[in-house]
Every structure is written in structure tokens, then in C-alpha cells.
Amino acid sequence: MAGMWKDYLKRHHDRFLEELMAYLRIPSVSAQSGHRQDVQRCAQWLKDHCESIGLKARLIPTQGHPIVLARTPRRARSKKPHFMVYGHYDVQPPEPFELWTSPPFEPRIQGDNLFARGSTDNKGQHFVHLKAVEAYLKTGQELPCDISFLIEGEEEVGSECLTPALQKLKPELDVAAVVVSDNGMPSLKHPALTYGLRGVTACELTLIGPNRDLHSGIYGGAVDNPAMVLCQMLAQLRDAQGRVKVPGFYDDVQPLSRLERAQARKFPLKDSVMARALGVRSLFGEKGFLTVEQRAARPTLEINGLTSGYQGEGSKTIIPSKASAKITCRLVPNQDPKKILRLLKKHLQSICPKTMRLHFEPGHSGKAYLTAPDGPFAKAALDALEMAFGHQPILMREGGSIPIVNEFKQVLGVDTLLLGLGLPDDNAHSPNEKMSLTAFTKGMHMSAELWQNLAANS
Ligand code: BES
Ligand code: ZN
């Protein structure tokens, strides 16, 4: 029986790539309002595509971008177990354009890689599951389970409309587990089951000084400089090892178990290799933790963007009227994003000098996710990974965030199997994003196996 889907995946491989490239040509950038029409068009494309492979699909409108919900056709009173695949059709902004070797929305295959914004994050990764299911539907091979696809258009901006929508959709999402490929694996020789993700909380801090940009010769020395004060305040938020200096920040942090620390020691990527690949002279980080722990299991505070004063050509002698910083914290289990934002705001207010007015704008947030990777579904996933990749999979936590995964647990009451197909050099969120074609092909096999294994373990 396995031969049927396997043969189909092989025979239609080139068409799958053509289709994925059509999907990638749509610039579905959720963060930029100028792309609103493109995001809508992308949702429509995906819905139509789901229908073309034999799924029943619909668009669910939200205050923001629509959700695509598609399901395998069912016989009445089907007793099959039901699973859900989650993914996102929105992509990160492509800027800076000049650093792309080829335009971000003109997909290009070179060697084993498919380059385009959204290739690994996340269109290519959830496409794998659509094609695996297509292989069953189009060969008439019976799928051992019902599968729903929930693909949203706002993951890259915090999934804020999906949480309320999830409540409404709960009756039809009576699933036993969620499957997500929106993350990574250390290498093609190290397929991985991820059992934890960091949470995140975002905010923007603005310092307001004089009511207009001032001549720095006429007023400098007597009127304080928002850009300078912003730097001084930000510099107090973290020490040189990355330890966050906001009082109370670590209060609720769940320590790592002995078992987890042992697992982290087995993580296959070397620090020196990573440093070289990223072009940094040296890594850094909190003392007493391995790099993989620093990246996946410890909380952080980062500046994501800084804006103030004159950014154009040449020099301009001014005291800027304001200065702002976009900040996010990555969070670990037991940290409450809202509480962290409160602590941060309070601390910033306490260190802000009288010369400035402070404006604090809270942004999106989501809790960390952590589950025990030892149930029958985890076993099903590990077996599918091993079968498809030909290597024993590893268990790991990752540092990125998929906030809705925690909501799946809260609202639907189920765990998520995170089966990432991204590689460390895939350039997610960076210029020259790509997906490995080997990961794409093996990912389809993994998915096709997975449905058998999950049903057998239900
Ligand atoms: N695919 C990532 C999440 C990810 C990346 C998880 C690598 C694990 C490893 C996702 O698209 C993403 O970028 N999420 C955002 C969430 C944020 C905007 C709320 C993130 O992590 O920054
Ligand atoms: Zn992303």
C-alpha cells in the first residue's frame, strides 16, 4: 500500500515544485499594509489549491487576514481519528532588497535549494503536508485519519485574530493532536522532534524630548538628547553576558531538569561552526548554560530596532525631538508575558530622567510551550522522521515562537508535534531565505508515514 503514495510523490515531484513556486510568488507580507491585497490573494490561492487536491476548504474572515480551513472529505459517522496541521501563509517583510541575490518573490532553484521569501517560513513546510495528503486522496489510497489544515495569515505579526477564531472553531477541531512544521532541525542527518518553544512579548519605547528637532549648537548642553538617553536606558536593561537586569524578570523561570540538560549536551551543532556561519567573532551568553540552552530554554531581552534623528546622507547637527526602540523578550515556561511587560514598563519609568516623557506601547505576546515528548504520538512522529530521513531523530527545544501552539493546548486541550524541516542556513527572516529540496522531498515522505503511524497509535 505504501507504494501508492510513494510512487505518486515521485511522479509528481516537479509539478509540486511548480505549484510551490506559484504560491511563493504571492508577496503575502502581513506586517505591511501595502500588501493587504496580496495577503488576501494568497489566502484565496491556498483555498483554491486545497480544493484542487480534494480537500473541502473555506476562508474564515477575521478582523485581520483570513484563515484557510480545509479538511479531508469524510464519510458520515467516520470513526477515524482526527488530526490538524497548522501553518501560516503570511511571510516576513523581504527588506533589505539589495541583499537578495535574486528577487524575494521570484523563486529560484539553485542546487538543492529553493530560494524565495516564505520558502522555509512557512509556505514550503506546510506544503509538504498538503502534498502528502494529496498523494493519498489522488491515488484512492485510504487515509487512516481525518486531517484538517488550519493555515493562518498573521503568524508573523502575533496571531492575534486566530485566538478568538479558535474558540469559535473548537467544535469542528475535535482533534487528537496538532502537527506543525514551522521550525527547524540541526541538519538533514539530525531530524528532530521539538518539544518546546519560547514565548515572546513585544513593546515599543519612545522617549520624547523637545517639541521639534533642535540646533545642537544653540541648545546642546542645556536640553537633553532623547537618542542619548534612550541608549543609556537600554544599556541598563542587560549585562554583557546577556543577563536581563529588569527586577523580577527571572522570578518565575522554570529551571531545566537534569534530563533536559543531558539532552542538551547531545545537541549536534558545534559553537565554532555556528559562529563561523554567522560571521560573528565570538558567541556570547549567560554563564553556566550551553549555547543550545541559551537559545531555546533561557529568556532574553533584545532590541529589534532603533530609530532617532537624522539617518540621511552626510551630517546634520541636531538634538532629535524623539527616539524609539522596538523591544522583544523571549520567554520560557512559567513566565507570564503580560507580567514581564508590566515589570519592564515599571523599570523603564523608574530609570527615565525628568528631561524626557516616556511612551510605552505594548505589542503582541504569547506564552512558551513545553510538553513531554514521550507519548504514543511522539513515538509515531519519531518513527516517521527516522523512516523518511534515514537517521535517528533527536529531541530538542527551540528558541523561536509560535504563540498559537500554546493556545492549541489551552483551547483544544491537545499537544502539538513540532516537526521542523528548516535548516540552520535557511535564512528564515533574513535575505536569501531558502528551503532545502531534500528536506522538502523527505518531508513529504515523513508526512505520508506520519498519518499511518498516528492512526496506529490512536
Ligand atoms: N517559524 C517561526 C518560528 C520558529 C522558528 C520556531 C525557528 C522555532 C524555530 C515563526 O514564523 C516565527 O517567526 N514566529 C515569530 C513569532 C512572533 C512574531 C510572535 C518569532 O518567533 O519571532
Ligand atoms: Zn517566521
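To be clear, the structure that these remarks concern was listed above.
A brief look at the structure comes next. (Residues numbered from 1 in each chain as written. Chains lettered and ligands numbered in written order. Predicted model: local features only at pLDDT ≥ 70, side-chain atom pairs only at ≥ 80, totals over all residues. Heavy atoms only, no water.)

## Comments concerning helix 5 (residues 162–169)
The complete set of buried residues in helix 5 reads Leu162, Ala165, Leu166 and Leu169. On an axial view of helix 5, the arc spanned by its buried residues comes to 105 degrees, and they lie on one face. In this structure, the buried residues of helix 5 make contact with strand 1 (56–60), strand 2 (67–71), strand 3 (82–88), strand 6 (146–152) and helix 13 (404–412). (Buried < 20%, exposed > 50% of the residue type's maximum accessible area, 1.4 Å probe, protein only. Helix = DSSP H or I, 4+ residues; strand = E, 2+ residues; numbered from the N terminus. Arc of directions from axis to C-beta. Contact = heavy atoms within 4.5 Å.)

## With respect to the packing of helix 4 (residues 119–139) against helix 14 (residues 437–456)
Where helix 4 meets helix 14, the axes come as close as 8 Å, and the angle between the chain directions of the two elements is 55 degrees. With respect to helix 14, the axis of helix 4 lies oblique. In terms of crossing hand, the pair formed by helix 4 and helix 14 is right-handed. For the pair formed by helix 4 and helix 14, the contact residues are Gly124, Phe127, Val128, His129, Lys131, Ala132, Val133 and Tyr136 on the first element and Phe440, Gly443, Met444, Met446, Ser447, Ala448, Trp451 and Gln452 on the second. By residue class, the composition of the contact of helix 4 with helix 14 is 10 nonpolar, five polar and one charged. (Axes fitted to C-alpha atoms, helices over the stretch in contact; angles between N-to-C directions. Parallel < 35°, antiparallel > 145°, perpendicular 65-115°, else oblique. Left-handed = near helix turned anticlockwise from the far one by under 90°. Nonpolar A, V, L, I, M, F, W, Y, C, P; charged D, E, K, R; others polar.)

## Notes on the pattern of salt bridges
As a working rule, side chains carrying opposite charge can pair if their charged atoms are close by. In total, this model carries 22 salt bridges according to the counting rule given. Linking Arg71 and Asp146 is a salt bridge whose minimum nitrogen-to-oxygen distance equals 3.8 Å. With Arg71 in strand 2 and Asp146 in strand 6, this pair connects stretches of sequence that are 75 residues apart. Among the residues examined, Asp146 registers a relative accessible area of 4% and is labelled buried. The partner of Glu286 in a salt bridge is Arg243, and the shortest N-O contact between them spans 2.7 Å. In this pair, Glu286 sits in the loop between helix 9 (271–278) and helix 10 (291–296) while Arg243 sits in the loop between helix 7 (226–235) and helix 8 (258–265), placing the two residues 43 residues apart along the sequence. Several salt bridges share partner residues, and in doing so they unite Arg15, Glu19, Lys131 and Glu134 into one network. (Salt bridge = Lys/Arg side-chain N within 4 Å of Asp/Glu carboxyl O.)

## Some words on the coordination of the zinc ion (ligand 2)
Asp121 (OD), Glu156 (OE), Glu156 (OE) and His429 (NE2) make up the full set of protein donors to the zinc ion (ligand 2), lying at 2.0 to 2.6 Å. Every donor counted, the six donor atoms about the zinc ion (ligand 2) form angles of 55 to 156 degrees at the centre, which fits irregular coordination. Sequence spacing of the donors to the zinc ion (ligand 2): D-x34-E-x272-H. Taken as a pair, Asp121 in helix 4 and His429 in the loop between strand 17 (416–418) and strand 18 (434–436) lie far apart in primary sequence, 308 residues in all. (Donors = N, O, S within 2.8 Å, 3.2 Å for Na, K, Ca; no water. Tetrahedral: all angles 85-135°; square planar, octahedral: opposite > 155°, others 65-115°.)

## Considerations on helix 7
Those residues of helix 7 lying buried are Pro226, Val229, Leu230, Met233 and Leu234. The buried side chains of helix 7 occupy one side of the element, clustering within an arc of 130 degrees when seen end-on. Elements in contact with the buried residues of helix 7: strand 9 (199–208), strand 11 (300–308), strand 12 (318–319), strand 13 (322–331), helix 11 (337–351) and strand 14 (357–366). The opening residue of helix 7 is Asn225, an N-cap whose side-chain oxygen sits 2.8 Å from the backbone nitrogen of Ala227. (Polar contact = N/O pair within 3.5 Å; in protein donor to acceptor, adjacent residues only side chain to side chain.)

## So, the nonpolar core
Formed by 68 residues in total, the largest nonpolar core has its most connected members in Tyr89, Phe149, Leu419, Phe440 and Trp451. Every residue in contact with Leu419, bar those within four places of it in the chain, is listed here: Gln125, Val179, Val180, Ser181, Asn183, Ala192, Leu193, Ala381, Leu385, Met446 and Leu450. Listed in part, the 28 residues of the second largest apolar core include Met233, Leu301, Leu341 and Phe360. (Core = buried A, V, L, I, M, F, W, Y, C linked by side-chain atoms within 4.5 Å.)

## Looking at the site of ligand 1
Taken together, 16 residues surround ligand 1, and among them Glu155, Asp182, Arg330, Ser401 and His429 come closest. At 2.7 Å from a nitrogen atom of ligand 1 is found a main-chain nitrogen or oxygen belonging to Asp182. About the coverage of ligand 1: the protein hides 85% of its 520 Å² of free accessible area. (Near = heavy atom within 4 Å. Areas by Shrake-Rupley, 256 points an atom, 1.4 Å probe, with all protein chains shown as cover.)

## Re the sheet that holds strand 5 (residues 113–115)
Spatially, 4-5-18 is the arrangement adopted by the three strands of the open sheet, whose pairing is antiparallel. This sheet does not close on itself; its edge strands, each paired only once, are strand 4 (108–110) and strand 18. Shown here is a sheet whose adjacent strand axes are inclined to one another by a mean of 25 degrees, direction ignored. Where helix 4 meets the sheet, it contacts strand 5 and strand 18, and its direction lies at approximately 40 degrees from that of strand 18. Of the strands in this sheet, strand 4, strand 5 and strand 18 are in contact with helix 14, which crosses strand 18 at around 55 degrees. (Pairing = 2+ DSSP bridges.)

## What about the packing of aromatic side chains?
Counted under the stated rule, the structure contains seven aromatic pairs. Arranged with centres 5.4 Å apart and planes meeting at 80 degrees, the rings of Phe83 and Phe377 form a pair that is edge-to-face. A residue pair is termed long-range when its members are at least 10 positions apart, and Phe83 in strand 3 and Phe377 in helix 12 (residues 376–389) qualify at 294 residues. The structure contains a cluster of three or more aromatic residues connected by ring pairs, namely Tyr23, Trp45 and Phe127. Over the aromatic face of Tyr250 sits the side chain of Arg243, whose NZ or CZ is 3.9 Å from the ring centroid. (Phe/Tyr/Trp six-rings, centres within 6.5 Å; stacked < 30°, edge-to-face > 60°. Lys NZ or Arg CZ within 6 Å of the ring centre and 35° of its normal.)

## Structural notes on the environment of Ile327
One can find Ile327 in strand 13. Residues Ile327 and Val280, 47 residues apart in the sequence, show an inter-C-alpha distance of 22 Å. Contacts of Ile327, omitting those with residues within four sequence positions, involve Thr201, Ala202, Cys203, Leu234, Leu237, Leu301, Glu302, Asn304 and Leu344.

## Description of empty space enclosed by the protein
All told, the structure shown has one cavity of 30 Å³ or more when counted by the stated rule. Each pocket or cavity is described by its volume, and for the largest cavity that value is around 40 Å³. Lining of the largest cavity is provided by Gly248, Phe249, Asp251, Asp252, Gln335, Asp336, Lys339, Ile340 and Leu343. Of the residues assigned to the lining of the largest cavity, the class counts are three nonpolar, two polar and four charged. (1 Å grid on protein atoms, 1.4 Å probe; cavity = no way out; pocket = protein on both sides within 12 Å on 5 of 7 lines; lining within 4 Å. Points joined across faces, edges and corners; volume = space filled by probe spheres on them.)

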